[in-house]
Amino acid sequence: MGYEDAQAGAHMRTAFRNAEKHYKRYTQASSLSKSSRKKVPATDLHQVLDIRKIGAVLGDQKCSVQGVSRFEGPFDWAVYTLDAHPGFYFIPEALSAAQQLHWIVESLTTFPQPPNRTNHNAIYGPLKDLWLAYQEGKVLKEIASSTRHLPSVAESDATQRNIDVDGGVATAKAWQFCDRTEACGQLSKVVPAELLFRKLRWATIGLQFDWSKRAYDESLPYSMLPTDLAQLAARLAEAAVTKGEFKAEAAIVNYYGPDDMLGGHVDDMEADWSKPIVSISLGCKAVFLLGGASREESPTAMFVRSGDVVLMAGPARRCFHGVPRIFVDSNQSEVPDFAALVESQKGSSNLDAVVEYINQSRINVNIRQVH
Ligand SMILES: O=C(O)CCC(=O)C(=O)O
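What counts and how
- The residue numbers shown here count from 1 along each chain, following its written sequence.
- With pLDDT at 70 or above as the cut-off, local features in this predicted model cover only qualifying residues; side-chain atom pairs require 80 or more to be listed or tallied, and sums for whole chains, interfaces and linings still use all residues.
- The side-chain values count all of the structure's non-hydrogen atoms but skip hydrogen atoms and water molecules.
- Pairing between two strands requires that DSSP report at least two bridges joining them.
- Helix and strand definitions here come from DSSP, where helices need a minimum of 4 consecutive H or I residues and strands a minimum of 2 consecutive E residues; each element is numbered from the N-terminal end.
- Any two residues whose heavy atoms approach within 4.5 Å at even a single point are treated as in contact.
- To define axes, lines are fitted to C-alpha atoms, for helices over the stretch in contact only, and angles between the resulting N-to-C directions are given on a 0 to 180 degree scale.
- Residue proximity to a molecule or strand is established when one non-hydrogen atom of the residue lies within 4 Å of it.
- Identification of polar contacts relies on pairs of N or O atoms within 3.5 Å, with a donor-acceptor requirement for protein atoms, meaning one able to donate a hydrogen and the other able to accept it, and with residues adjacent in sequence counted only if both atoms are side-chain atoms.
- Only the protein chains shown count as cover for residues, and the accessible areas themselves come from Shrake-Rupley with a 1.4 Å probe.
- Following the grouping adopted for this structure description, the nonpolar residues are Ala, Val, Leu, Ile, Met, Phe, Trp, Tyr, Cys and Pro, the charged ones are Asp, Glu, Lys and Arg, and the polar ones are all others, Gly among them.
- Here roughly perpendicular refers to angles of 65 to 115 degrees, roughly parallel to angles under 35, roughly antiparallel to angles over 145, and oblique to all remaining angles.
- Crossings are assigned a handedness: left-handed for a near helix turned anticlockwise from the far helix by less than a right angle, right-handed for a clockwise turn.
- Burial status follows relative accessibility: with a 1.4 Å probe on protein chains alone, a residue under 20% of its type maximum counts as buried, one over 50% as exposed, and anything between as partly exposed.
- Only buried Ala, Val, Leu, Ile, Met, Phe, Trp, Tyr and Cys residues count toward a nonpolar core, and they belong to the same one when joined by side-chain atoms within 4.5 Å.
- How far each domain reaches was decided by an automatic or database domain assignment.
- A pair is scored as a salt bridge if a Lys or Arg side-chain nitrogen falls within 4 Å of a carboxyl oxygen belonging to Asp or Glu.
- The pairing test for Phe, Tyr and Trp rings, Trp by its six-membered ring, is centres within 6.5 Å, and the orientation test on the planes gives stacked under 30 degrees, edge-to-face over 60, and tilted for anything in between.

Engineer: I'm lost on the sheet that holds strand β5 (residues 117-118) in this one. Help?
Structural biologist: In sheet architecture, strand pairing relies on hydrogen bonds along the backbone and comes in two forms, parallel and antiparallel. In space, the ten strands of this open sheet follow the order β1-β2-β3-β4-β18-β15-β20-β13-β10-β5, with antiparallel pairing throughout. Two strands in the sheet have a free side with no partner beyond their single neighbour: β1 (64-65) and β5. Helix α3 (residues 51-58) contacts β1, β2 (68-71), β3 (79-82) and β4 (88-91) of the sheet and is inclined by roughly 65° relative to β2.

Engineer: I would appreciate a short explanation of the site of the ligand in the present structure.
Structural biologist: What surrounds the ligand is the set N254, Y256, L262, H265, D267, F288, H321, V323, R362, N364, N366 and R368. A distance of 3.1 Å separates an oxygen atom of the ligand from a polar side-chain atom of D267. Here an oxygen atom of the ligand sits 3.0 Å away from a polar atom, N or O, in the side chain of H321. In isolation the ligand exposes 290 Å². Once the protein is present, 95% of that is buried. Residue assignment for the shell around the ligand shows that the elements contributing at least two residues are β13 (250-256), β14 (262-265), β19 (321-326) and β20 (362-368). The element contributing the most residues to the shell around the ligand is β20, with four residues. The residue inventory of the shell around the ligand, partitioned by class, reads four nonpolar, five polar and three charged.

Engineer: How should the packing of helix α4 (residues 97-109) against helix α9 (residues 227-237) be read in this particular structure?
Structural biologist: The packing of two helices is summarised by the inter-axis angle and the distance between the axes. Closest axis-to-axis distance for the α4/α9 pair is 12 Å, and the angle between their directions is 130°. Classified by the angle their axes make, α4 and α9 are oblique. α9 is crossed by α4, and the crossing has left-handed handedness. Of α9, the residues touching α4 (which contributes Q99, H102 and W103) are D228, L229 and L232. Taken together, the residues that form the contact of α4 with α9 break down as three nonpolar, two polar and one charged.

Engineer: Help me out: how do you make sense of unusual backbone geometry in this one?
Structural biologist: The bulk of non-glycine residues show a negative phi, and the bulk of peptide bonds are trans. Going from P114 to P115, the amide bond is cis rather than trans, its omega being 10°. Tracing the backbone through its elements, the reader meets P115 in the loop between α4 and β5. Backbone geometry at Q66 places phi at a positive 50°, although glycine is not the residue there. Take Q66: it is sitting in the loop between β1 and β2. Here E93, not a glycine, exhibits a phi torsion of approximately 50°, which is positive. Structurally, E93 is set in the loop between β4 and α4. Using a relative accessible area of 52% as the deciding quantity, one classes E93 as exposed.

Engineer: What is the right way to read the nonpolar core from this model?
Structural biologist: Among soluble globular proteins, nonpolar side chains are generally buried collectively. With 83 residues, the main nonpolar core has F88, L236, I280, I363 and I367 as its most contacted residues. A domain-level breakdown of this core finds at least three residues from each of domain 1 (11-110 + 200-368) and domain 2 (120-198). Other than its neighbours up to four places away in sequence, I363 contacts I104, S107, L108, V253, N254, Y255, I280, S281, L282, Y357 and I358. Listed in part, the eleven residues of the second largest apolar core include Y23, V266, L289 and F320.

Engineer: In this structure, what is going on with the pattern of salt bridges? I would like to understand it.
Structural biologist: Working definition: two side chains of opposite charge can pair if their charged atoms are close together. Inspection of every chain in the model, using the stated rule, returns 17 salt bridges. With a closest N to O distance of 3.4 Å, E136 and K138 form a salt bridge. Residue E136 is classed as partly exposed on the basis of its relative accessible area, which comes to 45%. Residue R317 pairs with E270 through a salt bridge whose shortest N-O separation is 2.4 Å. With R317 in the loop between β18 (309-312) and β19 and E270 in the loop between β14 and β15 (277-283), the pair connects residues that are 47 residues apart, well separated along the chain.

Engineer: Explain the packing of aromatic side chains here, please?
Structural biologist: Two aromatic rings, taken as a pair, are described by how far apart their centres are and by the angle between their planes. Evaluated as defined, the whole model comprises 15 aromatic pairs. Judged by centre distance (6.2 Å) and plane angle (20°), the ring pair of W103 and F111 falls under stacked. Overall, the relative accessible area of 2% leaves F111 in the buried class. Each member of the aromatic cluster is reached from another via a ring pair, and the members are W131, Y134, F197 and Y357.

This is how it looks when you write it as structure tokens:
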């Protein structure tokens, strides 16, 4: 949709949708000739709260600036609240650059590994070593599609399976990463691992989530969250936990490319809303929208940068929220200089591809207590 189309009919849309349209990234179709391209005006960002900057102005003062207040407590970080959104907490620069890099690497290499599920499971079944296959320039090829022979899932670790049963007829599809040359001349479907990685939108870790039922499916195999991530989340959650301890049982990892956004939604599948969602931003800067209990309420827009953490607990758990925009241009993305950090850590492993990816992307790891 073009910029002008997006402006029409604003009065028919909800306040949340209007904000999404306002902050969305508009680009011209590359198929348009130069003469038919219209200039897309720069997005007006003057209403976006910059809590990092407001926090620096506030210091230890007890007053509120632009509806942002310092939350007092014995925490490891400065924590801010929004006067208009009880139960919402913002922790700027909670993670050091080295910690950010560590979780970016995990998000690319480990978190999408089975038994964790990703958006690719529905089509290809579990994909093992997707990042490695992408780095090695591999392709995913369909190696079987049969209505007679239904191999057992455990038959081969290297084989990725997706088994459908339709009207009593079982169809087994099997996929495997292989070298491009091996797939050459093959008639069956072939998908470059690079494309699959670019289309990776989410991975779920810990207890697995069934998006079609909007519920956790505890019958699905899962592995626990890494202990260091669970411990970090429990420490970050402290400001928003009034009783007991935060137990990190599940997480959704969202991957955003330059044009990706996450539409307004409410996270209400967990049993105990007094426990916060701990949401960690990594990579390119983004606009985060926090609305009210209905889409009709006008949301507050704020910048989230790499290393920032937001907590949503209590009343904020009922609030619509989403990410309409990430900033990938180097003058706006504000990604820490991970290349320099990698250079200073040389000798461990080659992280150039990770740095290249994150300079054009955003990752969000949001951690939940389910029970
Ligand atoms: O990417 C973000 O910051 C928000 C993610 C989110 O709201 C979700 O996964 O439910």
